[in-house]
Amino acid sequence: MRYLSDSEFAQISAATMVESCPAGRELFRSGRDDHFIFYLLHGDIEITGANGDRFELSGNSLETRRPLAPHPRDRHVAVAKTAIEFMRFPSELMKLHTQEENNTVTIDEITEDDETVENRVLFDVYHAVMTNDLVLPSLPDVALKIREVASNANASVEDVARIIQADASTTAYCISIANSAAHGGVSKVDNVLDAVVRLGIEPTRDLVVAYTVRSLFSGTTTAAKKLMHEAWQHSCRIAALSYILARDVGRLNPERALLAGLLHDIGVTVLIKESQSIPVLIDDPILFDRLCHDLSGQIGAMVLRAWKFPDVFVTAALEAEFFGKPAVDRIQLSDVVMLAHLHDRDPAPWSLTTENLADLSIHSKLGAHDLTEDCRLAVIEEADHELEELTALLGA
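Asks: Looking at this structure, how should I read the sheet that holds strand β2 (residues 26-29)?
Replies: Sheet strands pair via backbone hydrogen bonds, and the direction of the pair is either parallel or antiparallel. The strand order across the open sheet formed by four strands is β2-β6-β4-β5, and the pairing between neighbours is antiparallel. Because the sheet does not close on itself, it has two edges, and the strands there are β2 and β5 (54-58). If you compare each strand with its neighbour and ignore which way they point, the axes differ by 20° on average. By the bridge criterion, five bridges tie strand β4 (residues 44-48) to β5 in an arrangement that is antiparallel. The residue of β5 that forms the bridge with Asp 44 is Ser 58.

As structure tokens, then:
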């Protein structure tokens, strides 16, 4: 691997997000993270080779001025010894970066016959991410207004209902949710004020934001529309599964989990929109799925940070398919979204191959919850009707 010069490193560092990782969590593992290289900025890590040999590295040391990459023999796994800060980059970007005299590779200069077309296209998108040139979506107006009102400690249910009433479809959606099996009371509600009273202000906020983001899953070309439809269907399934898992397994706020599930792949929508003008990318399922696998979490984190969502939503997007993550004391929101992927019967084309739940460390935190013969949580099987209702209410 070619190493970056100090000037190149400084240039890329200035345009790249710094990620954090708590003590005890894996930074990388050979086989899972081979398509990334890492720079350790702060904190200490322990690297273990395949033969069990271990050594430690500290941020800001001479050794960590060069990139770290997983290796099946020498650097099999890296674990944070302390809380760390790091940056990671797709390895293709690093290779191409050092090969170009300048960082302006345009798609117009690439032909279908170019044997490096895949790397060139990937570089162009990677570079847009690194330099913040990607056009990030904005939250719909209704979502912005209801978040602003709900953040006011003195807000009333009347204040929230007034915003919702301005949009007929959102009003109908809130009433439907309030009357659903998940929230239904003895009697049916028939107006938005009673719906907000039944749901509560914060759950209503999360449910309305979840509903309004559907407008972001839209494309202009036939291929983009198909991909957006797949992305929305996938997000709705993960949202519904996250709701059930948070409520019945994790004992977390189910509305917040539903929203996290719906937003975990928001980075995919950005990539689809970016790809509409790149036929070689959007018409190649293998190439597009690889791009989503490599970048959707990072871009999703950028979007959620731009929208000022709490860090737990950012972590859920980054770790949605981190099946090998070490178990912590209690189930977290990111664990719920990850578990939802394990229970998705129809995974998105860009999703990783799911693992056997019984073989994962998170299984030790599931307590007395029974597994079915195919290693799925029994509570998911028992909530089949409710899952169908939730996905339908979301518009899947």
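Asks: Where do I start with helix α8 (residues 201-212) in this structure?
Replies: In an α-helix there are 3.6 residues to a turn, and that puts residues three or four apart on one side. A rise of 1.5 Å per residue sets the reference length of α8, with its 12 residues, at 16 Å; its end C-alpha atoms lie 16 Å apart and thus fit the reference within 8%. With nine of 12 residues buried, α8 is to be regarded as a mostly interior element.

Asks: When you look at the pairing of strand β6 (residues 77-80) in this model, what are you seeing that I'm missing?
Replies: Along a regular strand, successive side chains alternate from one face of the sheet to the other. Where β2 lies against β6, three bridges are found, and the strand directions are antiparallel. Each residue of the ladder has a partner; that of Arg 29, found in β6, is Val 77. The sheet contact formed by β4 and β6 spans four bridges and is antiparallel. Across the sheet, Glu 46 pairs through a bridge with Val 79, a residue of β6.

Asks: Just to check I follow, could you spell out the nonpolar core for this structure?
Replies: Buried together is how nonpolar side chains tend to be arranged in soluble globular proteins. One finds Trp 307 and Phe 309 to be the most contacted residues of the largest nonpolar core, which totals 95 residues. Ranked by residues supplied to this core, first place goes to helix α9 (residues 222-250) with 15 residues. With residues near it in sequence (within four places) discarded, Phe 309 still touches Leu 139, Arg 147, Val 209, Leu 259, Leu 263 and Leu 304. By size, the runner-up hydrophobic cluster in this structure holds 14 residues, among which are Phe 38, Ile 45, Ala 78 and Phe 86.

Asks: Looking at this structure, I do not really get the packing of helix α6 (residues 168-178) against helix α7 (residues 192-199). What am I missing?
Replies: Helix packing for two helices is described by the angle between their axes and how far apart those axes are. Where α6 meets α7, the axes come as close as 9 Å, and the angle between the chain directions of the two elements is 45°. As far as their axial angle goes, α7 and α6 are oblique. Seen along the crossing, α6 lies across α7 with a hand that is left-handed. Contact residues: Thr 171, Cys 174, Ile 175, Ile 177 and Ala 178 in α6; Val 192, Ala 195, Arg 198 and Leu 199 in α7. Each residue belonging to the contact of α6 with α7 can be placed in one class, and the counts come to seven nonpolar, one polar and one charged.

Asks: Can you walk me through the packing of aromatic side chains in this structure?
Replies: Here a ring pair, both rings aromatic, is described through the centre-centre distance and the interplanar angle of the planes. One pass over the full model with this rule turns up seven aromatic pairs. With centroids separated by 5.2 Å and ring planes inclined at 35°, the aromatic side chains of Phe 28 and Phe 38 adopt a geometry described as tilted. In this pair, Phe 28 is assigned in strand β2 and Phe 38 in strand β3 (residues 36-42), connecting sequence segments 10 residues apart. We note that Phe 28, like Phe 38, is buried. Three or more aromatic residues joined by ring pairs form one cluster here, namely Phe 28, Phe 38 and Phe 86.

Asks: Would you mind showing me how to read unusual backbone geometry here?
Replies: Apart from glycine, the bulk of residues carry a negative phi angle, and the bulk of peptide bonds sit in the trans form. Even without being glycine, Arg 251 reaches a positive phi, approximately 55°. Note that Arg 251 resides in the loop between α9 and α10 (254-263). On the basis of relative accessible area, Arg 251 is assigned to the exposed category, the value being 59%. Even without a glycine there, the phi angle at Lys 308 is positive, about 60°. Residue position: Lys 308 is located in the loop between α13 (285-306) and α14 (311-318). Residue class for Lys 308 comes out exposed when judged on its relative accessible area of 68%.

Asks: Please clarify how α14 should be interpreted in this entry.
Replies: Three or more residues of α14 are buried, namely Phe 313, Val 314, Ala 316 and Ala 317. When α14 is viewed along its axis, its buried side chains cluster within an angular range of 160° and face the same direction. Tucked into the core, α14 has its buried residues touching α10, α13 and α15 (333-342).

Asks: For this particular structure, what's the right way to read the side chain of Ser 275?
Replies: You can see Ser 275 is positioned in helix α11 (residues 266-275). A polar contact of 2.6 Å, which involves the side chain of Ser 275, links it to the backbone oxygen of Leu 271.

Asks: When you look at the environment of Ser 296 in this model, what are you seeing that I'm missing?
Replies: Locating Ser 296 in the fold gives a position in helix α13. Beyond its immediate chain neighbours, meaning those up to four positions away, Ser 296 contacts Asp 265, Gly 267, Val 268, Leu 271 and Leu 291. Of the polar contacts made by the side chain of Ser 296, one reaches the backbone oxygen of Cys 292; its length is 2.6 Å.

Asks: Help me understand the packing of α13 against α14, please; the structure alone is not making it clear to me.
Replies: Running from amino to carboxyl end, α13 crosses α14 at an angle of 165°, the nearest separation of the two axes being 8 Å. Here α14 runs roughly antiparallel to α13, going by the angle between their axes. Considering the relative orientation of α13 and α14, their crossing is right-handed. Contacts from Gly 297, Gln 298, Ala 301, Leu 304 and Arg 305 of α13 reach α14 at Phe 313, Val 314, Ala 317 and Leu 318. Classifying every residue of the contact of α13 with α14 gives six nonpolar, two polar and one charged.

Procedures and definitions
Residues numbered from 1 in each chain as written. Predicted model: local features only at pLDDT ≥ 70, side-chain atom pairs only at ≥ 80, totals over all residues. Heavy atoms only, no water. Pairing = 2+ DSSP bridges. Helix = DSSP H or I, 4+ residues; strand = E, 2+ residues; numbered from the N terminus. Axes fitted to C-alpha atoms, helices over the stretch in contact; angles between N-to-C directions. Expected span 1.5 Å × (residues − 1). Buried < 20%, exposed > 50% of the residue type's maximum accessible area, 1.4 Å probe, protein only. Core = buried A, V, L, I, M, F, W, Y, C linked by side-chain atoms within 4.5 Å. Contact = heavy atoms within 4.5 Å. Parallel < 35°, antiparallel > 145°, perpendicular 65-115°, else oblique. Left-handed = near helix turned anticlockwise from the far one by under 90°. Nonpolar A, V, L, I, M, F, W, Y, C, P; charged D, E, K, R; others polar. Phe/Tyr/Trp six-rings, centres within 6.5 Å; stacked < 30°, edge-to-face > 60°. Arc of directions from axis to C-beta. Polar contact = N/O pair within 3.5 Å; in protein donor to acceptor, adjacent residues only side chain to side chain.

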